[in-house]
Amino acid sequence: MERVVLLRSLSSSSPSSVLASTRLFSRSAHRLARLPRRHRLVPTVQNRSILRRHLGLISSVIRPSVQLKGQLCPLSVRAISTSSAQPSSEILGADDDVAEKLGFEKVSEEFIEECKSRAVLYKHKKTGAEIMSVSNDDENKVFGIVFRTPPKDSTGIPHILEHSVLCGSRKYPLKEPFVELLKGSLNTFLNAFTYPDRTCYPVASTNTKDFYNLVDVYLDAVFFPKCVEDVKTFQQEGWHYELNDPSEDITYKGVVFNEMKGVYSQPDSILGRATQQALFPDNTYGVDSGGDPQVIPKLTFEEFKEFHGKYYHPSNARIWFYGDDDPNERLRILSEYLDMFEANSAPMESKVEYQKLFSKPVRIVEKYPAADGVDLKKKHMVCLNWLLSETPLDLETELALGFLDHLMMGTPASPLRKTLLESGLGDAIVGGGIEDELLQPQFSIGLKGVSEEDIQNIEELILDTLKKLAEEGFDSDAVEASMNTIEFSLRENNTGSFPRGLALMLRSVGKWIYDMDPFVPLKYQEPLKALKARIAEEGSKAVFAPLIEKFILNNPHLVTIEMQPDPEKASRDEAAEKENLEIVKASMTQEDLAELARATNELKLKQETPDSPEALKCVPCLSLQDIPKKPTQIPTEVGDINGTKVLQHNLFTNDVVYAEVVFNMSTLKQELLPLVPLFCQSLLEMGTKDMDFVQLNQLIGRKTGGISVYPFTSSVRGKQDPCSHMIVRGKATSERTEDLFDLVNRVLQDVELTDQKRFKQFVSQSKARMENRLRGSGHGIAAARMDAKLNVAGWVSEQMGGVSYLEFLRTLENKVDDDWPAISSSLEEIRTTLLSKNGCLVNLTSDGKNLKNTEKYVGKFLDMLPSTSPVGSTAWNAQLSRTNEAIVIPTQVNYVGKAANIFETGYQLKGSSYVISKYISNTWLWDRVRVSGGAYGGFCDFDSHSGVFTFLSYRDPNLLKTLDVYDGTSNFLRELEMGDDALTKAIIGTIGDVDAYQLPDAKGYSR
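Residues numbered from 1 in each chain as written. Predicted model: local features only at pLDDT ≥ 70, side-chain atom pairs only at ≥ 80, totals over all residues. Heavy atoms only, no water.

Peer 1: Is there a simple way to explain a negative patch on the surface in this structure?
Peer 2: Among the surface-exposed residues, Asp245, Glu248, Asp249, Glu579 and Glu582 lie close enough to one another that they form a single negatively charged patch. Here aspartate 249 lies in the loop between strand S11 (240-242) and strand S12 (251-253). Here aspartate 249 falls in the exposed class, since its relative accessible area comes to 57%. (Patch = residues over 30% accessible without salt bridge, like charges linked within 9 Å, V, L, I, M, F, W, Y side chains within 5 Å. Areas by Shrake-Rupley, 256 points an atom, 1.4 Å probe, with all protein chains shown as cover. Salt bridge = Lys/Arg side-chain N within 4 Å of Asp/Glu carboxyl O. Lys, Arg positive; Asp, Glu negative; His and termini not counted. Charge placed at Lys NZ, Arg CZ, Asp CG, Glu CD. Helix = DSSP H or I, 4+ residues; strand = E, 2+ residues; numbered from the N terminus. Buried < 20%, exposed > 50% of the residue type's maximum accessible area, 1.4 Å probe, protein only.)

Okay, structure coming up:
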């Protein structure tokens, strides 16, 4: 099997700095980033404003900046829920008499037009627990329970507790009920989040029986966890000293400890942590809820237990139900748990205090670990950060600030973003713009990949640009484009694979958790209408200029963070950790060391000993009879328009037309493949003969819901040659369908690929993204590298998104200056090669009436395409050498991969392969790589198209030990004794993956 290991540099293998607490941590990493599944492994991202969260999914799926528990999922907190039918205000909540009898008082009730839902706020009389019961016809039901959990230090108590409570409970006394649910549930979401001030436990499922099973396990876990009685769970999930033999060195182990080491290896995360702690020095945000690896070992088990007893109480809880299940049943389930408690003082003790605004700006200089032996001249970062208010903002102001954020930074044509990138002073934007997930909103903007001597110039450029925007205002086309983009996103409500009800919950909780009205964040229509009217009456300058001046330019609460690369920092930190552990060992007697070795072995034995069949039976699960016998059928009509194959999917889309135009890429010269991602970006971010790229970008924003262009490559089962295409995706309301296809045509045929300066920006941005991926998503880099050694499709993808691509970008950056005509010519050659009506495919998703109306616009579009015949497929008979590799990167953890093409051994594909792969991940690899090994995640994947079977670990303290675990998989399977219950769980869990819940656009696209 091919092996690729991304391992920590010997000069950077210990704690370096701290992550921003606004980051989202997840308990396990359980899916490959490259897999099109709902539980993909995704790195953390910034918090976004309400509007920004809606807009993020127009081109990609993003997540809130908090810490995630289980399988990492692409989160986008776009929180408006539009159901697939048209429910009315006749939807009923729970019966008032039933609620009263069960001990609940109705506080308020509203029909939320924006999400077509009946929402009722209840209060549990005995404990004061608050419940939002949201009823509609959405089959993807959601439950969540949220506790306010403000930490007082950076030991990571909230994060470690979030990991630990799902490791067994009163009713479910096995090692990890969470994992058992992963094995045999049809869940559409199963996770937990640690924010800087709260902890969320959400689940979702379309199957009612499954949903209530998940709810019961989670309620029992948070209120009655075993971890507060079992120090070994604390040691496993948090931290412990590990000593296998008294003669060896003591080391630190713990899942959260290693997770945070990985997070702290990322410069962007270190910047975020420094920003938050500097902006909020006087309240709970001034420490790290995720945990600082240098501070985590100070946490005691007693403090851990006390934190749970203090904050994990119904009096401190906000509980959310959403979907088409019975509202009465929701209250019945809750009453069984809540009635066991009495009210306590947690609501007062968990209250988050406001940070008072500074009287003058602050400057912070922070170092981050950098690789040794590389040019550090342009490796600095600088970011300006403002805390916007010390009192709550009204909804209209919040909405206006979100709108302003999109105007300034939301698209490549936005003036603040554009000015910074075109300055040439840095490679990429840092700072998340408006961030409002916490009690007080903030605004951040800066650049990375800058020279030290340019830092002051960047600061001046940011302030000068903001002043100019306040003085001159925004172009009317830009305002119209932003308004259309925002309204389209709200109307479409496309949360991707993220449940709509959970997006809605997180939006509501963002205010509810601070004792504000949970209904207000759900209602955007009237405030948006008022904002539009005000802009129309007063002009955009009168609306936005005062906001820039008040909240930014005239605001003294400004923190400037300067990040400096330090190639020696990691080695200093590593030496300090080693010295601390040596002091610990020196303080122990031989008896102490023997006892520590015994305790280490005892913990490993517990971790590696499976639960008994009797214990496993207590976890509620579905039977095969609960699974629909027929797979979900997606309507597909295969037709022809003007000689081109067209697929049509008649689905309700709320009057939105989704379109994909697919071009064959197999005729492209091999040497041009690395240019394809940059070519795709150029199509959308360069101008035409009649419009500059700003005007084109604004026109797309005014007329459509967005256009994207990207390459797609996959193996084809039974063939060596891959399936490779360039895909153009677009969406618009039905009345704008003609505009959509007209703009797609302009993007493809009219854009002039001659802007050298902008192209160099694209190269620098792509290089910065790839360098960040090396540290944050090393598992994905390793997987791509191994694929490139095992099949042609993998090689093609790696040329456009792996280490080979990064090497290409580094060379290209200089070549842009030296030989631009040749590069521009190559870009034009790519267009000439790909753009042809012959071999083109069109895919459409909407309702029948809209599909029929769209056909004439598709025909017109196709007639404008060149009809040149492809010269025939180019032979891409290339793979990387099948040698093992170790790629050294400046991080404190490893990413360990091993893969082989099992089709080459003669294996014939069977459906059981999917079940086996999932089972290995959830048992053998989970127990040995994560639980016992201390890695943040260990998992495997089988690509049934190529035959490549891949093992991967994520934020892993080990290297050779993990490879030994991979090698032991075959013996694990040979010796496996699997009962009917375990097999049934594995089958059901696999069905949940294969038949994952999809929104209409995804159904049409994946079909």
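Peer 1: What am I meant to see in unusual backbone geometry here?
Peer 2: Working note: non-glycine residues mostly have negative phi, and peptide bonds are mostly trans. Notably, asparagine 642 is not glycine yet its phi reads approximately 55°, a positive angle. If you trace the backbone, asparagine 642 turns up in the loop between strand S19 (637-641) and strand S20 (644-650). Of the residues examined, asparagine 642 reaches a relative accessible area of 37% and is grouped as partly exposed. Positive phi outside glycine occurs at asparagine 654, with the angle close to 60°. Residue position: asparagine 654 is located in the loop between S20 and strand S21 (656-664).

Peer 1: Even after reading the chapter, I still don't get the environment of glutamate 602, so can you show me in this structure?
Peer 2: Looking at the element boundaries, glutamate 602 is found in helix H20 (residues 590-608). Residue glutamate 602 is classed as partly exposed on the basis of its relative accessible area, which comes to 33%. With 370 residues separating them in the primary sequence, glutamate 602 and lysine 232 have C-alpha atoms 9.3 Å apart.

Peer 1: Explain the sheet that holds S20 here, please?
Peer 2: Note on sheets: strands pair through backbone hydrogen bonds, and any given pair is parallel or antiparallel. If you trace the six strands from one edge of the open sheet to the other, you get S19-S20-S24-S21-S23-S22, paired in mixed fashion. Whereas interior strands pair on both sides, the edge strands pair on one side only; in this sheet they are S19 and strand S22 (706-714). Neighbour-to-neighbour, the strand axes of this sheet turn through a mean angle of 25°, independent of strand direction. As judged from the five bridges shared by S21 and strand S24 (residues 841-846), these two strands associate in the antiparallel manner. By the bridge assignment, valine 662 is partnered in S24 with leucine 841. Helix-sheet contacts for helix H22 (residues 676-685) involve S22 and strand S23 (723-733), and the interaxial angle to S22 is about 165°. (Pairing = 2+ DSSP bridges. Axes fitted to C-alpha atoms, helices over the stretch in contact; angles between N-to-C directions. Contact = heavy atoms within 4.5 Å.)

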